[in-house]
Amino acid sequence: MAPQLRVFVPPHPLVKHWLGVARDVNTPSALFRTAMTELGRWLTYEAAREWLPTFDTQVETPLAPCPATFVNPEVPMMIIPILRAGLALMEGAQSVLPLASVYHVGYVRNEETLEASCYLNKLPSSLSPETRVLISEPMLATGGTMMTAMADLVERGIQPGNVRIVAIVAAPVALKKLAEAYPELTIYTAMIDEGLNENGYIVPGLGDAGDRTFGT
Ligand code: URA
């Protein structure tokens, strides 16, 4: 059977709580950052299921030998925050994946055409196909930025099936675009919202995630 994009919306009270805090227009920037950190933490925790490479071995407890499973440090693991707003999820994501390397990429959206263009790309020129990649991008709106980021990763050897996207809010148009281009992808999001307004903002969404994180 052909692969189909998988989108998970974890039904966890903490995810719901912090999403509510992030959505609220009256939430000040400092608390908004806390909400983003917590959402980054819990969505990354969920995304690590069936994705984090492990190996089985045996340890000695104080009482007896016992089977044990550990995270495999030999499989490369990376987190890619998409600047700027992707940085907001990093503290939480790194608390779950302390062994992951972090590579930054930056895309800017043309506010008229909504097309994304790259202004920073710190990705290595080639990557092992088994590399596990977690992309941190709070808002999957038009999907344009993520499509560009995915093309940059695939060009370097990454397999879409080894990628997890962590997004706070996703719009159906972005999910459709990604499903058509990269059906092997898996996305973890706190909510799928109704759609976009004429400026490409997610409605109801949470506003400009970068501005609210950095108080700009
Ligand atoms: N980027 C944001 O920060 N918010 C949106 O709603 C869409 C894109």
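Residues numbered from 1 in each chain as written. Predicted model: local features only at pLDDT ≥ 70, side-chain atom pairs only at ≥ 80, totals over all residues. Heavy atoms only, no water.

A.B. asks: Could you give me a rundown of helix H4 (residues 144–155), with the residues and numbers involved?
C.D. replies: Over its twelve residues, H4 runs 17 Å from end to end, which matches the ideal 16 Å to within 8%, given 1.5 Å per residue. All of the buried residues in H4 are Gly144, Thr145, Met146, Ala149, Met150, Asp152 and Leu153. Of the residues trailing H4, glycine 157 is marked for its positive phi of about 105 degrees. (Helix = DSSP H or I, 4+ residues; strand = E, 2+ residues; numbered from the N terminus. Expected span 1.5 Å × (residues − 1). Buried < 20%, exposed > 50% of the residue type's maximum accessible area, 1.4 Å probe, protein only.)

A.B. asks: Explain the site of the ligand residue by residue, including any values.
C.D. replies: Close to the ligand lie Arg109, Met139, Ala141, Gly200, Tyr201, Ile202, Gly207, Asp208 and Ala209. In this structure, isoleucine 202 approaches the ligand through a main-chain N or O atom, which is 2.8 Å from an oxygen atom. Contacts to the ligand include glycine 207, whose backbone N or O atom sits 2.8 Å from a nitrogen atom. For the ligand, the protein covers 87% of the area, taking 240 Å² as the surface of the free molecule. Per-class residue counts for the shell around the ligand are five nonpolar, two polar and two charged. (Near = heavy atom within 4 Å. Polar contact = N/O pair within 3.5 Å; in protein donor to acceptor, adjacent residues only side chain to side chain. Areas by Shrake-Rupley, 256 points an atom, 1.4 Å probe, with all protein chains shown as cover. Nonpolar A, V, L, I, M, F, W, Y, C, P; charged D, E, K, R; others polar.)

A.B. asks: Please provide a residue-by-residue account of the packing of aromatic side chains, values included.
C.D. replies: What the rule picks out here adds up to three aromatic pairs. Ring centres 5.0 Å apart and planes at 20 degrees place the aromatic pair phenylalanine 8 and tyrosine 188 in the stacked group. Here phenylalanine 8 is found in strand E1 (residues 6–8), whereas its partner tyrosine 188 is found in strand E11 (residues 186–192), with 180 residues between them in sequence. Take tyrosine 188: its relative accessible area is 6%, and that puts it in the buried class. Here the aromatic rings of phenylalanine 55 and phenylalanine 70 are separated by 6.0 Å at their centres, their planes lie at 35 degrees, and the arrangement is tilted. Taken together, the residues span a long stretch of sequence, with phenylalanine 55 in strand E2 (residues 54–60) and phenylalanine 70 in strand E3 (residues 65–71) at a distance of 15 residues. Relative accessible area serves as the criterion here: at 33%, phenylalanine 55 is assigned to the partly exposed category. Note on phenylalanine 70: relative accessible area 38%, which makes it partly exposed. (Phe/Tyr/Trp six-rings, centres within 6.5 Å; stacked < 30°, edge-to-face > 60°.)

A.B. asks: I'd love a proper account of the UniProt feature "domain: Phosphoribosyltransferase" (unreviewed entry) in the chain, names of residues and values included.
C.D. replies: Here, UniProt's "domain: Phosphoribosyltransferase" (unreviewed entry) annotation points to residues 9–216. Helix makes up 31% of residues 9–216 and strand 29%, and the two end C-alpha atoms of the span are 29 Å apart. (UniProt positions renumbered as here; feature names shortened; annotations may be inferred.)

A.B. asks: Which residues make up the packing of helix H1 (residues 13–23) against helix H2 (residues 29–47), and what values do they have?
C.D. replies: Between H1 and H2, whose axes approach to 9 Å, the crossing angle comes to 150 degrees. Here H1 lies roughly antiparallel to H2, going by the angle between them. Our pair here, H1 against H2, has a crossing hand that is left-handed. On the side of H1, the interface is formed by Leu14, Val15, Trp18, Leu19, Val21 and Ala22, while H2 contributes Leu31, Phe32, Thr34, Ala35, Glu38, Leu39, Trp42 and Leu43. Class assignment for the residues of the contact of H1 with H2 results in twelve nonpolar, one polar and one charged. (Axes fitted to C-alpha atoms, helices over the stretch in contact; angles between N-to-C directions. Parallel < 35°, antiparallel > 145°, perpendicular 65-115°, else oblique. Left-handed = near helix turned anticlockwise from the far one by under 90°. Contact = heavy atoms within 4.5 Å.)

A.B. asks: Quick rundown of the pattern of salt bridges? Include the residues and the values.
C.D. replies: This model, assessed by the stated rule, comprises eight salt bridges. The salt bridge involving arginine 156 is made with glutamate 155; its shortest N-O contact spans 4.0 Å. Classification of glutamate 155 as exposed rests on a relative accessible area of 64%. A single salt-bridge network, built from bridges that share partners, covers Arg84, Asp208 and Asp211. (Salt bridge = Lys/Arg side-chain N within 4 Å of Asp/Glu carboxyl O.)

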